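# Descriptive analysis of the structure
Here is what each chain is made of, one letter per residue.
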Amino acid sequence: MDDLSIVIEDPRWEALGLAGLAATAIRATLTELALEPDNCEVTLLACDDARIAVLNGDFRAKPTPTNVLSWPAEERAADQPGGNPQAPEPGLDGLCELGDIAISFDTCTREAHAAGKPVSDHVTHLVVHGLLHLLGYDHETDADAALMEGLEVKILGKMGLNDPYRN
């Protein structure tokens, strides 16, 4: 994935190998959706709970930490619940700008430990989840959630990871 830009604000991410995890997750997701990974641009902010709480407050009016946030470059939502979103269109430079993702080390680590999962597996899931949001998928309705979660399970399964929605 040549067009993945990672801004690491919290050095704990480096020890986890975030760059490799994110590139693998993004490539697997884009490939599953028949998009060319080398033609897609994504920016990932690797931060902590303090930073993501500010972002969550600024953009969602929820000034509390969360695991992952996404800002799509374009609105791609489906026309009806449970429908597939619109595919991204390349710009004049031939690249599809997908958007930005922020992920919090503290919340991801806490959630992984609480669920008894490897942190790397949970982070991989959340990168896939965040990228699907950039591509217009959401979980606002049951039909949308079923589509998005089904894709997540399929993508993660192909990566050799367990279904994140099963306990």
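Scroll up a little and you will see the structure.
In this report, we go over the structure that sits alongside the text. Model, not experiment: these values are computed from the prediction.

So, how was this worked out
Residues numbered from 1 in each chain as written. Predicted model: local features only at pLDDT ≥ 70, side-chain atom pairs only at ≥ 80, totals over all residues. Heavy atoms only, no water. Helix = DSSP H or I, 4+ residues; strand = E, 2+ residues; numbered from the N terminus. Rg over C-alpha atoms; globule rule 2.2 N^0.38 Å. Buried < 20%, exposed > 50% of the residue type's maximum accessible area, 1.4 Å probe, protein only. Pairing = 2+ DSSP bridges. Phe/Tyr/Trp six-rings, centres within 6.5 Å; stacked < 30°, edge-to-face > 60°.

### Description of the overall build of the protein
Assigned secondary structure in the protein consists of six helices and four strands. Order of helices (α) and strands (β) in the protein, N terminus to C terminus: β-α-α-β-α-β-β-α-α-α. The C-alpha atoms of the protein give a radius of gyration of 15 Å, which matches the 15 Å a tight globule of 167 residues would have. Taking the principal axes of the C-alpha coordinates as reference, the protein spans close to 35 × 35 × 35 Å.

### A word on the pairing of strand S4 (residues 96-104)
Extensive coverage of S4 is indicated by the burial of seven of its nine residues. With eight bridges joining them, strand S2 (residues 40-47) and S4 adopt parallel strand pairing. Across the sheet, the residue bridging to Leu 44 is Ile 101, located in S4.

### Considerations on the packing of aromatic side chains
What describes a pair of aromatic rings is the distance from one ring centre to the other and the angle between the planes of the rings. Overall, the coordinates contain two aromatic pairs when judged by the stated rule. Relative to Phe 105, the ring of Trp 13 lies with its centre 5.2 Å away and its plane at 90 degrees, an arrangement referred to as edge-to-face. Placement of Trp 13 in helix H1 (residues 12-16) and of Phe 105 in helix H4 (residues 105-115) is noted, with a sequence separation of 92 residues between them. On the basis of relative accessibility, which here comes to 0%, the residue Trp 13 falls in the buried class. Ring plane angle 70 degrees and centroid distance 5.3 Å describe the contact between Phe 59 and Trp 71, whose orientation is recorded as edge-to-face. Taken together, the residues span a long stretch of sequence, with Phe 59 in helix H3 (residues 49-60) and Trp 71 in strand S3 (residues 68-72) at a distance of 12 residues. For Trp 71, a relative accessible area of 23% translates into the label partly exposed.

Coordinates in, geometry out; function isn't part of it.
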